[in-house]
Amino acid sequence: MEEHSDRLDVQVSVGDQMVLVRVAGEIDIATVAAFRSALWSAPARPVLQLELSGLRLLSAAGVRTLLAAHLRVRACGGELVLVDPSPVVARVLRVSGLHRVMPILELASPIEAARRPVVATTDLQLAA
């Protein structure tokens, strides 16, 4: 599944236990319907991950859509997880309070990972 426009690109990958949605571009009033459509059409799995590293803009309409998706997934017994938000999007998530509502995973940067000793088997860290 894929939604693509000049301002928004959404790619959906489906696994046995998880759906990964990669979002790049801008989510605003003009693109939020395509974003919502991609989320709502994703098949039900225990985990819905939204990879946000390529997202440059998240408007209030996008925040409302994320919250609605979180409630929808949770009502079905699943979990919505935000992965690696860009700095601008991470700030919107903090200001809006969504960082308190849903888990946010930040992937370790390659430079940071190279400086750490290899003791863990995962590169994911839960952001507070």
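From a predicted model like this one, the values you see are computed outputs, not experimental measurements. (Residues numbered from 1 in each chain as written. Predicted model: local features only at pLDDT ≥ 70, side-chain atom pairs only at ≥ 80, totals over all residues. Heavy atoms only, no water.)

(A) Summary view of the overall build of the protein. Of regular secondary structure, the protein possesses four helices and seven strands. Beginning at the N terminus, the succession of helices and strands in the protein can be written as β-β-β-α-β-α-β-α-β-α-β. Residues classed as buried in the protein amount to 38% of the 128 residues present. Here the analysis covers contacts within the protein between residues at least 6 apart in sequence; of these, 58% occur between residues at least 24 apart. For the protein, the exposed surface amounts to about 7500 Å²; the carbon and sulfur share of it is 56%. (Helix = DSSP H or I, 4+ residues; strand = E, 2+ residues; numbered from the N terminus. Buried < 20%, exposed > 50% of the residue type's maximum accessible area, 1.4 Å probe, protein only. Contact = heavy atoms within 4.5 Å. Areas by Shrake-Rupley, 256 points an atom, 1.4 Å probe, with all protein chains shown as cover.)

(B) Structural detail: unusual backbone geometry. At Asp 84, a residue that is not glycine, the phi angle is positive and equals roughly 50°. Position of Asp 84 among the secondary structure elements: in the loop between strand E5 (79-83) and helix H3 (87-96). Given a relative accessible area of 21%, Asp 84 falls into the partly exposed group.

(C) Inspection of a nonpolar patch on the surface at higher detail. A grouping of Leu 67, Leu 71 and Val 101 is seen on the molecular surface, where their side chains present a nonpolar patch of about 220 Å² in accessible area. Note that Leu 71 resides in helix H2 (residues 60-75). (Patch = residues over 30% accessible without salt bridge, like charges linked within 9 Å, V, L, I, M, F, W, Y side chains within 5 Å. Salt bridge = Lys/Arg side-chain N within 4 Å of Asp/Glu carboxyl O.)

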